[in-house]
Amino acid sequence: MEKKVVIEARNLRKSFDDFEAVKGIDLEVFEGEIFGFLGPNGAGKTTSIRMLTTMLKPTSGQVIINGYSAEKDAILAKASIGVSQQHISLDKDIKVRQNIKHHAMLRKIPFRDIEPRMKELTELMGLGPFMDKMVVELSGGWRRKVSLVCSLIHDPKILFLDEPTAGLDTKSRHALWGIIRQLNNKGTTIFLTTHYIEEAEGLCDRVAIVNLGKIVASGSPKELCDSVGHITVEYVNRDGKRFGKQFPDRQSGKEFMETLKDDTNVTLRKTTLEDVFLIVTGEEYSKGGADNKITENN
Ligand SMILES: Nc1ncnc2c1ncn2[C@@H]1O[C@H](COP(=O)(O)OP(=O)(O)OP(=O)(O)O)[C@@H](O)[C@H]1O
Ligand SMILES: [Mg+2]
């Protein structure tokens, strides 16, 4: 069966005065996917998400959401999506419960459906004990969960999450990835940005890596790792600079290791999405990685 495209961007561009932040993005996201939109700070992720969700008018190009043009049929396109923005916009001086109800009313949810829907989502997020607190009293992580409940209140087919786990501690972050997986298992298509590349690798069916306003790589994490060589030799040279070099197989990686006798901290391991990210964005290996010995990890 042919997969249905539910998010489509064609040659999407956005300029702010004479600065072009998004330089012609083409993408297709299929129904039921978790799609990761990755890139360094300032790459154009939030600007793209805002255009994909009808919040920002593109300078040129087209967005089609669930078959509807975001420009010509914005109301229908918008009805299919939920958005949790990078900078959470909640009314801080009213209770959590009121914030959620307010969103439900904006989404024109029938009155009788609001309470059951709110109950289901607040149970999913573990928000029960916070429902009668003012938003201003909540930590960033709990505010993020309130924002997620608001974005899900109308049971959207497609959920856009811009940095959903930014600022969360490890436990909350993993809990939130679990919730995202659960929503996806129930059929919600997820489009998300994150700086946690390792976690995106485990979670996303496909990713696009964006740099300086352009998509520089896209595919499943495995396809991307294979495309650069699925074995990586990571090493630190005599000047203390860290490098990673990719190879199509272990043997060629090992042969390269032999040539590195004067270097320390050499590791042979599987290539990760983080390696691909560093290669295609031109960023440097700066942290993580090898021990003070030659190792061979899988
Ligand atoms: N309203 C605006 N006016 C002018 N420039 C803007 C505006 N919004 C974004 N930009 C610029 O566009 C570029 C892309 O910004 P954007 O917020 O889309 O990046 P991002 O990939 O989401 O980054 P981050 O990972 O930091 O969230 C940046 O250089 C930013 O300064
Ligand atoms: Mg952003």
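This one's a predicted model, so the numbers in the text were calculated from it and none came from an experiment. (Residues numbered from 1 in each chain as written. Chains lettered and ligands numbered in written order. Predicted model: local features only at pLDDT ≥ 70, side-chain atom pairs only at ≥ 80, totals over all residues.)

Undergrad: Please provide a residue-by-residue account of the overall build of the protein chain, values included.
TA: Check the secondary structure of the protein chain and you find 10 helices and 14 strands. Oriented by its inertia axes, the alpha-carbon framework of the protein chain measures out at about 70 × 45 × 45 Å. Taken across its 298 residues, the protein chain has 39% of its residues classed as buried. Contacts in the protein chain between residues far apart in sequence, at least 24 positions, make up 69% of those at least 6 positions apart. (Helix = DSSP H or I, 4+ residues; strand = E, 2+ residues; numbered from the N terminus. Buried ≥ 20, exposed ≤ 12 C-beta atoms within 10 Å, placed from the backbone. Contact = placed C-beta atoms within 7 Å.)

Undergrad: Summarise the sheet that holds strand E5 (residues 68-69); cite the residues concerned and give the values.
TA: Read across the sheet, four strands follow the order E2-E1-E4-E5 without closing on themselves; strand pairing throughout is antiparallel. Of all the strands in the sheet, just strand E2 (19-30) and E5 have a single pairing partner and so form its edges. Here strand E1 (residues 5-16) pairs with strand E4 (residues 60-65) via five bridges, running antiparallel. Residue pairing in the sheet places Ile 7 in a bridge with Ile 65 of E4. The sheet strands contacting helix H1 (residues 45-52) are E1, E2 and E4, and the helix crosses E1 at an angle near 120 degrees. (Pairing = 2+ DSSP bridges. Axes fitted to C-alpha atoms, helices over the stretch in contact; angles between N-to-C directions.)

Undergrad: An account of helix H6 (residues 170-185) is requested, with residue identities and associated values reported.
TA: For H6, built from 16 residues, the straight-helix expectation of 22 Å at 1.5 Å per residue is met to within 8% by its first-to-last C-alpha distance of 22 Å. Of the positions making up H6, those classed as buried are Leu 176, Trp 177, Ile 180 and Leu 183. Down the axis of H6, the buried set is contained in an arc of 120 degrees. They therefore lie on one face. For H6, the exposed residues set more than 90 degrees away from the buried face come down to Thr 170, Lys 171, Gly 178, Gln 182 and Asn 185. Residues of H6 that are buried sit in contact with strand E7 (158-162), strand E8 (189-193) and helix H7 (197-203). Directly beyond the C-terminal end of H6, a positive phi value near 110 degrees is found at Gly 187. (Expected span 1.5 Å × (residues − 1). Arc of directions from axis to C-beta.)

Undergrad: Residues and numbers for the domain arrangement of the protein chain, please.
TA: As far as domains go, the protein chain holds domain 1 (5-222) and domain 2 (227-296). Between domain 1 and domain 2, the C-alpha centre-to-centre distance is 34 Å. Contacts between the two partners involve 12 residues from domain 1 and, on the opposite side, eight residues from domain 2. Those elements giving two or more residues to the side of domain 1 that touches domain 2 turn out to be H7, strand E9 (206-211) and strand E10 (214-219). A per-element tally of the side of domain 1 that touches domain 2 places H7 first, with four residues. Of the residues belonging to the side of domain 1 that touches domain 2, the class tally is eight nonpolar, two polar and two charged. (Domains from an automatic or database assignment. Nonpolar A, V, L, I, M, F, W, Y, C, P; charged D, E, K, R; others polar.)

Undergrad: So, the site of ligand 1: which residues are in play, and what are the values?
TA: Contacts to ligand 1 come from Phe 16, Ala 21, Gly 39, Asn 41, Gly 42, Ala 43, Gly 44, Lys 45, Thr 46, Thr 47 and Gln 86. It is H1 that contributes the most residues to the shell around ligand 1, three residues altogether. Its residues placed into classes, the shell around ligand 1 shows three nonpolar, seven polar and one charged. (Near = placed C-beta within 6 Å.)

Undergrad: Talk me through helix H8 (residues 221-228); I want residue IDs and the actual numbers.
TA: Every buried residue belonging to H8 is among Pro 221, Leu 224 and Cys 225, and all of these are buried. Viewed end-on, H8 has its buried residues packed into an arc of 100 degrees, placing them on one side of the element. Buried residues along H8 sit against H7, E9, E10 and helix H10 (273-281). The positive-phi residue at the C-terminal boundary of H8 is Gly 229, with phi of around 110 degrees.

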